[in-house]
Amino acid sequence: MDLELEMGGSNTKRKGNWITFPFVLGTMACLTLASAGWIANLIVYLIEEFNIKSIDAAQVANMVNAGINFFPLIGAIIADSFLGSFSVVAISCCISFLGTLLITLTSVLDALRPKPCQTGSSICQSPSTFQYALLYGDLILGCIGFGVSRFVLSTMGANQFDKQKDQATFFNWFFFELYFFAVIAFTGIVYVQDNVGWGVGFGICFVATFIGLVVFLAGNKFYIHDNPKGSPFTGLAQVVVASIRKIKMPTKVQNLYYQNHDTPYQHLPPQLTDTLRFFNKAAIETEGDIKPDGSIAKPWRLCTVQQVEDFKAFIKIFPIWSSSILVAVEVALVQGSLTVLQALSMDRRLGHFKIPAGSITVVALLSSSLSLTLIDRFFPFLWRKVMRKSPTPLFQLGIGHVITALAMAVAAVVERRRLGMNNDKQEMLAVWLFPQLILLGIGEAFYFPGQVALYYQEFPASLHSTATAISSLIVGIAFYLSTAVIDIIRAKTDWLADNIDEGRLDNVYWVLVVIGTINFGYFFCCAKFFKYKHNDEKTVPGNFTGSAH
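Q: Where do I start with the overall build of the protein chain in this structure?
A: Summing up its helical and strand segments, the protein chain has 16 helices and 6 strands in all. Looking at the 549 residues of the protein chain, the share that counts as buried comes to 56%. Considering only contacts within the protein chain whose residues lie at least 6 apart along the sequence, 80% involve residues at least 24 apart. When the accessible surface of the protein chain is summed, it comes to about 23,700 Å², and 63% of that surface belongs to carbon and sulfur atoms.

Q: Help me out: how do you make sense of the nonpolar core in this one?
A: The nonpolar side chains of a soluble globular protein tend to be buried, and buried together. Trp38, Phe170, Ile320 and Leu394 are the most contacted members of the largest nonpolar core, which has 134 residues in total. Looking at which element gives the most residues to this core, the answer is helix α10 (residues 318-344), with 14 residues. In this view, Ile320 contacts Leu394, Leu397, Leu454, Tyr455, Phe523, Cys526, Ala527 and Phe530; residues no more than four positions away in its chain are not counted. Counting residues in hydrophobic clusters, the runner-up holds 13 residues, among them Leu236, Ala242, Leu272 and Phe311.

Q: Which parts of the structure should I look at to understand the side chain of Ser149?
A: Summarising the element assignment, Ser149 is placed in helix α5 (residues 129-158). Looking at Ser149, the relative accessible area reads 0%, which means it is buried. One polar contact links the side chain of Ser149 to the main-chain carbonyl oxygen of Phe146, over a distance of 3.3 Å. The residues touching Ser149, leaving out its near neighbours within four places in the chain, are Leu31, Val89, Ser92, Cys93 and Ser96.

Q: Help me understand the pattern of salt bridges in this model?
A: Proximity of charged atoms lets side chains of opposite charge pair with each other. All chains considered together, the criterion is met by 9 salt bridges. For Asp501, the salt bridge goes to Arg418, with nearest N and O atoms at 2.6 Å. Here Arg418 lies in helix α13 (residues 393-423) and Asp501 lies in the loop between α15 (464-492) and α16 (505-529), a separation of 83 residues in the sequence. A salt bridge links Arg504 to Asp506, with the shortest nitrogen-to-oxygen separation between them at 2.8 Å.

Q: Looking at this structure, how should I read the environment of Val475?
A: Relative to the helices and strands, Val475 resides in helix α15. Residue Val475 is classed as buried on the basis of its relative accessible area of 17%. Each residue touching Val475, except ones within four places of it in the same chain, is listed here: Asn69, Ala328 and Phe448.

Q: Sorry, what's going on with the side chain of Arg348 here?
A: Examined against the element boundaries, Arg348 turns out to sit in the loop between α10 and β3 (349-350). The buried charged residue Arg348 lacks any salt bridge partner; its closest oppositely charged side chain belongs to Asp194, at an N-O distance of 5.7 Å. Side-chain polar atoms of Arg348 contact the backbone oxygen of Ala343, separated by 3.0 Å. Non-local contacts of Arg348, meaning those with residues more than four positions away in its chain, are made with Ala343, Phe353, Lys354, Ile355, Pro356, Ala357 and Ala430.

Q: Explain the packing of helix α3 (residues 54-83) against α5 to me, please; I cannot follow it from the model alone.
A: A pair of packed helices is characterised by two quantities: the angle between their axes and the separation of those axes. With their axes 7 Å apart at the nearest point, α3 and α5 run at an angle of 45 degrees to one another. Comparing the axis directions of α3 and α5 gives the class oblique. For the pair α3 and α5, the sense of crossing is right-handed. Along the contact surface, α3 presents Val60, Val64, Gly67, Ile68, Asn69, Phe71, Pro72, Gly75, Ala76 and Ala79, while α5 presents Tyr136, Leu139, Gly142, Cys143, Ile144, Phe146, Gly147, Val148, Arg150, Phe151 and Val152. For the contact of α3 with α5, a count of residues per class yields 15 nonpolar, 5 polar and 1 charged.

Q: What's the story with the confidence of the model for the protein chain in this structure? I'm lost.
A: Close inspection of predicted coordinates is inappropriate for parts of the model with low pLDDT. Here the protein chain averages 78 in pLDDT, while 86% of its residues score no lower than 70. By mean pLDDT, strand β6 (residues 545-547) is the weakest element of the protein chain at 30, and helix α7 (residues 198-218) is the strongest at 91. Contacts for the low-pLDDT stretch residues 1-12, under 50 throughout, to residues beyond four places or in other chains number 22 contacts. Per-residue pLDDT stays below 50 along residues 536-549; that stretch engages in 52 contacts with residues further than four places along the chain or on separate chains.

Q: Any chance you could explain helix α2 (residues 42-49) here in plain terms?
A: Given 3.6 residues per turn, any residue in an α-helix points the same way as the ones three and four places further on. Within α2, 6 of the 8 residues are buried, which leaves the element mostly enclosed by the surrounding structure. Directly beyond the C-terminal end of α2, a positive phi value near 55 degrees is found at Asn51.

Q: Whenever I open this one, a nonpolar patch on the surface confuses me. Can you help?
A: A contiguous nonpolar patch, built from Met63, Phe70, Ile74, Ile78, Phe82, Leu83, Ile91 and Tyr480 and spanning about 700 Å² of accessible area, is present on the exposed surface. It is α3 that contributes the most residues to the nonpolar patch, 6 residues altogether. Tracing the chain through its elements places Phe70 in helix α3. For Phe70, a relative accessible area of 31% translates into the label partly exposed.

Q: I keep staring at the state of the cysteines and nothing clicks. Help me out?
A: What is meant by a disulfide is a covalent connection between two cysteines, made through their sulfur atoms. Applying the stated criterion across every chain yields a total of 0 disulfides. Here Cys93 is not cross-linked by a disulfide; its sulfur's nearest cysteine counterpart is in Cys94, at 7.0 Å. The buried category is assigned to Cys93, whose relative accessible area is 0%.

Q: What's the story with the packing of aromatic side chains in this structure? I'm lost.
A: Here the distance between the centres and the angle between the planes together describe a pair of aromatic rings. Tallied over the full model, the rule gives 18 aromatic pairs. Taken together, a centroid distance of 5.4 Å and an interplanar angle of 20 degrees make the contact between Phe23 and Phe222 stacked. Of this pair, Phe23 sits in helix α1 (residues 21-39) while Phe222 sits in the loop between α7 and β2 (225-226); the two residues are 199 residues apart in sequence, bridging distant segments of the chain. With a centroid separation of 5.2 Å and an interplanar angle of 85 degrees, the aromatic rings of Phe180 and Phe181 are classed as edge-to-face. Given a relative accessible area of 39%, Phe180 falls into the partly exposed group. Clustering of aromatic rings is evident, with ring pairs tying together Tyr45, Phe50, Trp198 and Phe202.

Q: Any chance you could explain the environment of Ala297 here in plain terms?
A: Following the sequence through the fold, Ala297 ends up in the loop between α8 (232-245) and α9 (305-316). A relative accessible area of 33% means that Ala297 is categorised as partly exposed. Apart from the residues lying within four places of it in its own chain, the contact partners of Ala297 are Gly288, Asp289, Ile290 and Lys291.

Q: Can you walk me through the packing of helix α4 (residues 85-108) against α5 in this structure?
A: The N-to-C vectors of α4 and α5 enclose an angle of 150 degrees; their axes lie 7 Å apart at closest approach. As far as their axial angle goes, α5 and α4 are roughly antiparallel. By crossing handedness, the relation of α4 to α5 is classed as left-handed. A class-by-class count of the residues in the contact of α4 with α5 yields 17 nonpolar, 8 polar and 1 charged.

Calculation notes
Residues numbered from 1 in each chain as written. Predicted model: local features only at pLDDT ≥ 70, side-chain atom pairs only at ≥ 80, totals over all residues. Heavy atoms only, no water. Helix = DSSP H or I, 4+ residues; strand = E, 2+ residues; numbered from the N terminus. Buried < 20%, exposed > 50% of the residue type's maximum accessible area, 1.4 Å probe, protein only. Contact = heavy atoms within 4.5 Å. Areas by Shrake-Rupley, 256 points an atom, 1.4 Å probe, with all protein chains shown as cover. Core = buried A, V, L, I, M, F, W, Y, C linked by side-chain atoms within 4.5 Å. Polar contact = N/O pair within 3.5 Å; in protein donor to acceptor, adjacent residues only side chain to side chain. Salt bridge = Lys/Arg side-chain N within 4 Å of Asp/Glu carboxyl O. Lys, Arg positive; Asp, Glu negative; His and termini not counted. Axes fitted to C-alpha atoms, helices over the stretch in contact; angles between N-to-C directions. Parallel < 35°, antiparallel > 145°, perpendicular 65-115°, else oblique. Left-handed = near helix turned anticlockwise from the far one by under 90°. Nonpolar A, V, L, I, M, F, W, Y, C, P; charged D, E, K, R; others polar. pLDDT = per-residue confidence, 0-100. Patch = residues over 30% accessible without salt bridge, like charges linked within 9 Å, V, L, I, M, F, W, Y side chains within 5 Å. Disulfide = S-S within 2.5 Å. Phe/Tyr/Trp six-rings, centres within 6.5 Å; stacked < 30°, edge-to-face > 60°.

In structure tokens, the structure reads:
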């Protein structure tokens, strides 16, 4: 790791490692509670308080979820290249603080919202230009603040540890806490919003953000601070340019490759891998590439062996990464919006308690939290007993693909049954949504934590923040794509009406099943040809280990 150990004297042993654990996870707990509580009931808030139609509200929620998962990449690049993780997290926490303050104000000040719809009337006043501007400003600030802070914080937390085993344990706890406090927000805060008041519910998010910022700053003296050295993407671009400029050079030459311009000049035997051999040309030294002191004279014509291998690692992971997008689209559509709309049209009573529509997806979060624990403790052991070898990270991702597609099929069957009961003037119990959400949670538990750990271990150290952020970017792209999918379906079919009882949501789910099946085939091909950076033992969250094949 390229870490600047800001330590001195007797305080050296007090920096980094597990002493930072309470501060990092304490901050994460507060930010998750605030962000999940802010987003969980957003569709209902937009419908009831801003008089926005149901499908349009779902689209806005999809865009917010996309933004909160897109901005982490920008934050990661800034952290890796310029400011470092600590500064980026601190700044983004302040932005989150401002965003939750403003959205709390929209819920308590009548002038910042349109007037309620008249009782018994379908005619409602739309928000004014100012009210729309303030609302969207709140949402943008929340997307930037919460999106950047949580994922850059995960990288900062992992960077406190030197051992891969400790990093894997940290990621496991990180995701467990992410799901656990999201469950609390999706139940407790949503219940407060529905039964006590929107102002109180959003106010809790505001207070949680403030506490998270205080806890994070309180641990500053214990953190190991990273030392950014400019944009790592510049080095990646140099490999491409240098390879093209030396396109006439043979791929395999007797010449020796340039190793490291940070040490005294020396030629060492070639150590480049055969994967993507074209880019090996970038490390071949030619006349005029080297200064008298041994450093590189023309960085856009000559690169080190390490730069070339870092570039290969970045490119090699791209097919696996791209196969994740459609999985996330399925999760985004089902867990992010469509299930909430279904719940609004179903009987949500459990005895004397009525489940808030915004809380229905907490079932998936609970399923993920429990599955993470079971997967971590039992799955590798059972798999080794049966197959006599350890499960690899890519195998874990494959299971996530299959279970997510299965969840879509179950969702389609349940929705077809709901429409049939509705035609018979019967109201279906919302608990019938639980099976698809449970399967979705299990799929997420297999997929997303393993994905983050795979990227973290395969990416070069200079891109560690980016490695964890691109998993978030997948979700962001997925939510943007999900809005496009909804727009296309609305334009070409009548499956998604403003009143979903008049549409065919089950057909949408069957389309997702087909897409998921095709995507799994693509993932299988990518995984078949993927080679790990090292051919030794690979670790993913918890006790997942496996050898590359």
